[in-house]
Amino acid sequence: MRIRSAIANMGTYKPPLEGRNPKEYLLMDFNESPEPPPLSVRKALQQYLVEGHLQVYPHYGKFTEQLGKYVSVPPEQLLLTNGSDQGIDVVLRCLLDPGTNLVMAMPGFTMFKQTVGTIGADFIEVPYPADFEFPFEGIRQAVNPQTRIIVVINPNNPTGTSAPLEQVESLLKEFPDCAVLVDEAYYEFTGQTCLHLLNQYPNLVVLRTFSKAFAIPALRLGYVIAREEFINELLKIRGPYDVNMAALVAARALLQDSQSWQELVSHLMGESKPALEQFLKEHGVRFYPGEANFLLVEPKGGATAAVSYLKEKGILVRPMRPPLENYFRMSLRKMEDMKLFFKVFGDYFSPI
Ligand SMILES: Cc1ncc(COP(=O)(O)O)c(C=O)c1O
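Since this is a predicted model, take the numbers as computed values, not measurements. Numbering of residues starts from 1 in each chain and follows the order in which that chain's sequence is written. Residue-level local features of this predicted model are given only where pLDDT is at least 70; pairs of side-chain atoms are given and counted only at 80 or more, and the full residue set underlies all totals for whole chains, interfaces and linings.

Hey, could you go over the site of the ligand for me, with residue numbers and the actual values?
By definition, a residue lies near a molecule or strand when the C-beta atom built from its backbone is within 6 Å of it. Taken together, 13 residues surround the ligand, and among them Gly 83, Ser 84, Asp 85, Thr 209 and Ser 211 come closest. Under the scheme applied here, ten amino acids are nonpolar (Ala, Val, Leu, Ile, Met, Phe, Trp, Tyr, Cys and Pro), four are charged (Asp, Glu, Lys and Arg), and all others, including Gly, are polar. Grouping the constituent residues of the shell around the ligand by class yields 4 nonpolar, 7 polar and 2 charged.

Below is the structure:
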């Protein structure tokens, strides 16, 4: 077989998933929700598994109307995807050819680079400065006549920082022939969105997910929000059954029962996050105050030693690759778990 050279020459994206047993470890390494979705959602899933028609292909019915009300856009401006990873895939496949490029600030979410690689297009990366502010000028200067997509991750994973909405609008205005693809995976934690710009700018494309605040990454559901004409192009790429029915059943119930995920978001952002920041300050540990449900921490004595120590004590955090090798990224959990983290990590500095 002759593998396309673009594929043959690239590596596999393998997040460190091995051994992530939630019964064995406190999981703070994947920006997941610390709680399963509410009981109402799990009951809806149970009922679907027992009484639903698993032998029938998925049919999405009026779900995009329900989702459209949550997002405040008409259903024609929505495309459901198998996780927002598939959103990235269909948008990039629709717009990129070999010889064209995508411009993005790095470090950022790895799937963008991986997907550009599979297409054989060019990935132009613009480094974040030391303060992790969005490198707006660098991005503008990196765009060239072959650029088809400018990616903005708001807030960015792993830095936690956002591009100001005025800068997103400036990019939409200055580069009308490029898509400005805004990944809002962590939208529910910040409440900040650029969606109001969709009426004015047809080159805006937004990605969202049910994997973070909605807590169903295992079921894989994301969505693309864009002008109807663009959604119709994406529909040619996404398979008619790519989103499974269990994800849809859970999402329907989640949108009906929004109180519990909203309360959890308030708890994480209003209590766990300030408590973690306070703890780190008290122990003189540098951290970057990101806007989402995770923080980048720069422990004294290096990240590798701290990550291994925490793992030994039953807590998983995520070590970062260069240029962030001195940091680990940790997700917020409820206060009872945060207190355990404070105890364990506190002992790391002053062993008893
Ligand atoms: C910025 C960003 N975009 C997209 C995703 C992918 O999410 P999904 O589970 O919907 O594929 C993630 C997951 O961590 C992310 O951090």
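Read on, since the account is not over.
I'd love a proper account of the packing of helix α11 (residues 258-282) against helix α13 (residues 335-349), names of residues and values included.
Look at α11 against α13: their axes get within 10 Å of each other, and the N-to-C directions meet at 10°. In terms of their interaxial angle, α11 and α13 are classed as roughly parallel. The two elements α11 and α13 meet at a crossing, and its hand is right-handed. Facing Glu 271, Ser 272, Ala 275, Leu 276 and Phe 279 of α11, the residues of α13 in contact are Met 335, Met 338 and Phe 342. In terms of residue class, the contact of α11 with α13 is made up of 6 nonpolar, 1 polar and 1 charged. Lines fitted to the C-alpha atoms define the axes, with helices restricted to the stretch that makes contact. Angles between their N-to-C directions range from 0 to 180 degrees. Numbered from the N terminus, helices here are DSSP runs of H or I no shorter than four residues, and strands are runs of E no shorter than two. Note on terminology: angles under 35 degrees are roughly parallel, angles over 145 are roughly antiparallel, angles of 65 to 115 are roughly perpendicular, and the others are oblique. For a crossing to be left-handed, the near helix must be turned anticlockwise from the far one by less than a right angle; the clockwise case is right-handed. Here the contact rule is simple: place C-beta atoms from the backbone, and any two residues whose C-beta atoms are within 7 Å are in contact.

Account for the pairing of strand β10 (residues 294-298), naming residues and giving values.
Buried means a residue has 20 or more other C-beta atoms within 10 Å of its own C-beta, exposed means 12 or fewer, and partly exposed covers the counts in between; C-beta atoms are placed from the backbone. Within β10, 4 of the 5 residues are buried, leaving the element largely enclosed by the surrounding structure. When DSSP locates at least two bridges between a pair of strands, those strands are taken to pair. Summarising the sheet, strand β9 (residues 286-288) and β10 pair through 3 bridges and their orientation is antiparallel. Each residue of the ladder has a partner; that of Phe 287, found in β10, is Val 297. Here β9 hands over to β10 after 5 residues, the two strands then running antiparallel side by side. Sheet analysis places β10 next to strand β13 (residues 328-331), joined by 4 bridges and oriented antiparallel.

Lay out the nonpolar core in plain terms, naming residues and giving numbers.
By convention in this section, buried Ala, Val, Leu, Ile, Met, Phe, Trp, Tyr and Cys residues joined through C-beta atoms within 7 Å make up a nonpolar core. Leu 102, Ile 149, Ile 150, Val 180 and Ala 250 are the most contacted members of the largest nonpolar core, which totals 95 residues. Ranked by the residues each element gives to this core, the list is headed by helix α10 (residues 245-256), at 8 residues. Note that the domain bounds were set by an automatic or database domain assignment. Two domains share this core, each providing at least three of its residues, namely domain 1 (18-37 + 259-349) and domain 2 (52-256). Ignoring anything within four residues of it in the chain, the contact list for Ile 150 reads Val 103, Ile 139, Val 143, Leu 171, Phe 175, Cys 178 and Val 180.

Pulling in residues and values, what's your account of α11?
Taking 1.5 Å of rise per residue, the 25 residues of α11 would be expected to cover 36 Å, and the 35 Å separating its terminal C-alpha atoms lies within 8% of that figure. What the bend at a residue measures is the angle between two axes, fitted to the seven residues ending there and to the seven starting there. At Ser 272, α11 shows its largest kink, close to 30°, and the proline Pro 274 lies no more than four residues downstream. Taken together, the buried positions of α11 are occupied by Trp 261, Leu 264, Val 265, Leu 268, Ser 272, Lys 273 and Leu 276. Phi turns positive one or two residues past the end of α11, at Gly 284, with a value near 65°. Given a helix with a known number of residues, its expected span is that number minus one, times 1.5 Å.

Describe the domain arrangement of the protein chain, naming the residues involved and giving the relevant values.
For the protein chain, the assigned domains read domain 1 (18-37 + 259-349) and domain 2 (52-256). A C-alpha centroid distance of 26 Å is found between domain 1 and domain 2. Contacts between the two partners involve 21 residues from domain 1 and, on the opposite side, 21 residues from domain 2. Of all the secondary-structure elements, those providing two or more residues to the side of domain 1 that touches domain 2 are α11 and β10. Classifying every residue of the side of domain 1 that touches domain 2 by side-chain character gives 13 nonpolar, 4 polar and 4 charged.

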